[in-house]
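# Overview (structure and organization)
Below are the chains, spelled out letter by letter.
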Amino acid sequence: MKKGHIEYFGEVSNLKRVEILQNAKGFLFPINWEEPFGLVVIEAMACGTPVLTADATATREVAADAAVLVDPASVQEMSDGIIRLVESADLRTSLVQKGLKRAGEFTW
């Protein structure tokens, strides 16, 4: 289903998830208190997708300097971060490069 520029998906296969991430302008993961490590952040980075995530929990450590980090309690900071990510091609390019390198530092 599409609404504006946002697509809503139900459950997707691993291959479809990779396709979605590779074609996304960015991956927004501001907070999930149940995510113990931040694997989804690494997955997005490995797909070459710029990431915005929380400057809290494990996602801050996983993302390091390869993502836009925002205070998950601040709607304004999240909004500003999303705008920066969407409007700055240079920022996205930098995050893709840093993200691919950062994702390569993790192994099973």
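It should be noted that the structure appears before, not after, this text.
A few points on the structure.

Basis of the calculations
Residues numbered from 1 in each chain as written. Predicted model: local features only at pLDDT ≥ 70, side-chain atom pairs only at ≥ 80, totals over all residues. Heavy atoms only, no water. Helix = DSSP H or I, 4+ residues; strand = E, 2+ residues; numbered from the N terminus. Rg over C-alpha atoms; globule rule 2.2 N^0.38 Å. Buried < 20%, exposed > 50% of the residue type's maximum accessible area, 1.4 Å probe, protein only. Contact = heavy atoms within 4.5 Å. Areas by Shrake-Rupley, 256 points an atom, 1.4 Å probe, with all protein chains shown as cover. Lys, Arg positive; Asp, Glu negative; His and termini not counted. Charge placed at Lys NZ, Arg CZ, Asp CG, Glu CD. Pairing = 2+ DSSP bridges. Phe/Tyr/Trp six-rings, centres within 6.5 Å; stacked < 30°, edge-to-face > 60°. Axes fitted to C-alpha atoms, helices over the stretch in contact; angles between N-to-C directions. Parallel < 35°, antiparallel > 145°, perpendicular 65-115°, else oblique. Left-handed = near helix turned anticlockwise from the far one by under 90°. Nonpolar A, V, L, I, M, F, W, Y, C, P; charged D, E, K, R; others polar.

## Notes on the overall build of the protein chain
The helix and strand inventory of the protein chain stands at five helices and five strands. Taken from the N to the C terminus, the helices and strands of the protein chain come in the order β-β-α-β-α-β-α-β-α-α. Taken over the C-alpha trace, the protein chain has a radius of gyration of 13 Å; the compact-globule value for 108 residues is 13 Å, and the two agree within 12%. Viewed in the frame of its principal axes, the protein chain has a C-alpha envelope of about 35 × 35 × 30 Å. The 108 residues of the protein chain split such that 33% are buried. Counting contacts in the protein chain only where the partners sit at least 6 residues apart, residues at least 24 apart contribute 46% of the total. Of the roughly 7100 Å² that the protein chain leaves accessible, carbon and sulfur atoms contribute 54%. The centroid of the 11 positive side-chain charges in the protein chain is displaced by 6 Å from the centroid of its 15 negative side-chain charges.

## Some remarks on the pairing of strand S4 (residues 51-54)
With three bridges joining them, strand S3 (residues 27-29) and S4 adopt parallel strand pairing. Looking at the pairing, Phe 27 lines up with Val 51 of S4.

## Side note on the packing of aromatic side chains
Summed over all chains, the structure comprises one aromatic pair. Arranged with centres 6.0 Å apart and planes meeting at 10°, the rings of Phe 27 and Phe 29 form a pair that is stacked.

## Points about unusual backbone geometry
The phi torsion at Ala 64 lies on the positive side, around 50°, for a residue other than glycine. Mapped onto the secondary structure, Ala 64 falls in the loop between helix H3 (57-63) and strand S5 (68-70). Taking the relative accessible area as the measure of exposure, Ala 64 reaches 31% and is therefore partly exposed.

## Description of the packing of helix H2 (residues 39-46) against helix H5 (residues 89-103)
Running from N to C, H2 and H5 cross one another at 120°; their axes reach a closest spacing of 8 Å. Here H2 is positioned oblique relative to H5, judged by the angle of their axes. The crossing of H2 and H5 is left-handed. Contacts between H2 and H5 pair Ile 42, Met 45 and Ala 46 from the former with Gly 99, Leu 100, Arg 102 and Ala 103 from the latter. A breakdown of the residues in the contact of H2 with H5 according to their chemical character gives five nonpolar, one polar and one charged.

Function cannot be read off these values alone, since they describe shape.
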